[in-house]
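Fold and geometry: a report
Read off the chains here:
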Amino acid sequence: MNKENYNIYISRRAKKSPFLKNCCFAFLFGGSICALGRIFLDIYLYIGMEQKDASSLVSMTIIFIAFLLTAFGVFDNIAKIAGGGTLVPITGFANSVVSAAIDSKSEGYVLGVGAKIFSIAGPVILYGITSGTIYGIIYYFWTLLR
Amino acid sequence: MEIFLNYLFAFLVGGILCVIAQILIDKTKLTPARILVAYVCAGVFLTAIGLYEPLVKLASTGATVPLTGFGYAIANGVREAVDQKGIIGALTGGLTATSGGITLALILGFIASLIVSGKPKR
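Residues numbered from 1 in each chain as written. Chains lettered and ligands numbered in written order. Predicted model: local features only at pLDDT ≥ 70, side-chain atom pairs only at ≥ 80, totals over all residues.

On to the overall build of chain B. A tally of helices and strands in chain B yields 6 helices and 0 strands. Secondary structure elements of chain B occur, N-terminal to C-terminal, as α-α-α-α-α-α. Relative to the compact-globule value of 14 Å for 122 residues, chain B shows a C-alpha radius of gyration of 17 Å, a clear excess of over 25%. Along the first, second and third principal axes, the C-alpha set of chain B runs to 50 × 40 × 35 Å. Here chain B holds 122 residues, and the buried ones make up 50% of them. (Helix = DSSP H or I, 4+ residues; strand = E, 2+ residues; numbered from the N terminus. Rg over C-alpha atoms; globule rule 2.2 N^0.38 Å. Buried ≥ 20, exposed ≤ 12 C-beta atoms within 10 Å, placed from the backbone.)

Contact pair helix α8 (residues 121-145) of chain A / helix α5 (residues 67-85) of chain B: the axes reach a minimum separation of 9 Å and the direction vectors enclose 35°. In the crossing of α8(A) with α5(B), the sense of the turn from one axis to the other is right-handed. Residues G128(A), I129(A), G132(A), Y135(A), G136(A), Y139(A) and Y140(A) of α8(A) lie in contact with α5(B), whose contacting residues are F70(B), G71(B), I74(B), A75(B), V78(B), R79(B) and V82(B). In terms of residue class, the contact of α8(A) with α5(B) is made up of 9 nonpolar, 4 polar and 1 charged. (Axes fitted to C-alpha atoms, helices over the stretch in contact; angles between N-to-C directions. Left-handed = near helix turned anticlockwise from the far one by under 90°. Contact = placed C-beta atoms within 7 Å. Nonpolar A, V, L, I, M, F, W, Y, C, P; charged D, E, K, R; others polar.)

Time to look at the interface of chain B and chain A. Facing 62 residues of chain B, the contacting portion of chain A comprises 62 residues. Contributions of two or more residues to the side of chain B that touches chain A are made by α1 (2-27), α2 (32-48), α4 (61-64), α5 and α6 (89-115) of chain B. If one sorts the elements of the side of chain B that touches chain A by residue count, α6(B) sits on top with 17 residues. When the residues that make up the side of chain B that touches chain A are grouped by side-chain class, the tally is 41 nonpolar, 18 polar and 3 charged.

Another point: the confidence of the model for chain B. Taken residue by residue, chain B gives an average pLDDT of 94. The fraction at 70 or more is 96%. For this predicted complex, the interface confidence reaches an ipTM of 0.93, while the overall pTM sits at 0.90. (pLDDT = per-residue confidence, 0-100.)

The structure is reproduced here in structure tokens:
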């Protein structure tokens, strides 16, 4: 069997990923998490918090929920169904930190947990603040010129 | 009615942002880590050119909870810091605005490593 035939054979045997179903679940789960965030936001605003504080407390609340789900080992089961629906909200960020910390425990607390906890959060923070800083510099000179 | 619309827009915008990621997962070879990085950078960029603020006005948590909202917080923090402190704000604003979420996630991660026994990877 040559390479071309083999590729055709493989693609025929490979389990088809149900693309449309995945997208529906991502939409439902992702949308629900954001709507849940909105419930928390309304509660925090109702008890008299400022918009900005309330908004960041919503993120923290969702991070905490993702921590609980990850620590109890439920998160992966949900993520299998939800896909992008749990990856993109701040739950994905929290899960990457918490699960990396748990998984690298056996490698010690300094170079294991301490280093691996950043395996996904690190790139996110690095490129986030790098692009933020570039924006800040451009914005600074923009305000000078005006 | 207005409350219902608030929730509907949060649901729709958040859902659409997640579907875009799902399409990237299924149709390209991008890893989840790369998608998250792309989302944060996209959030900073869209905020910088003024396109993300209207989305936050419309959908609130639907735009701030997804990771593009993390980029939105960074870009907003940088802009406010530059307004107040000048060029040094470009370096301090981003992490200041997001410090709460990052610190909480890291501390919870550490606590989890203390109390949860790791399962061997399958």
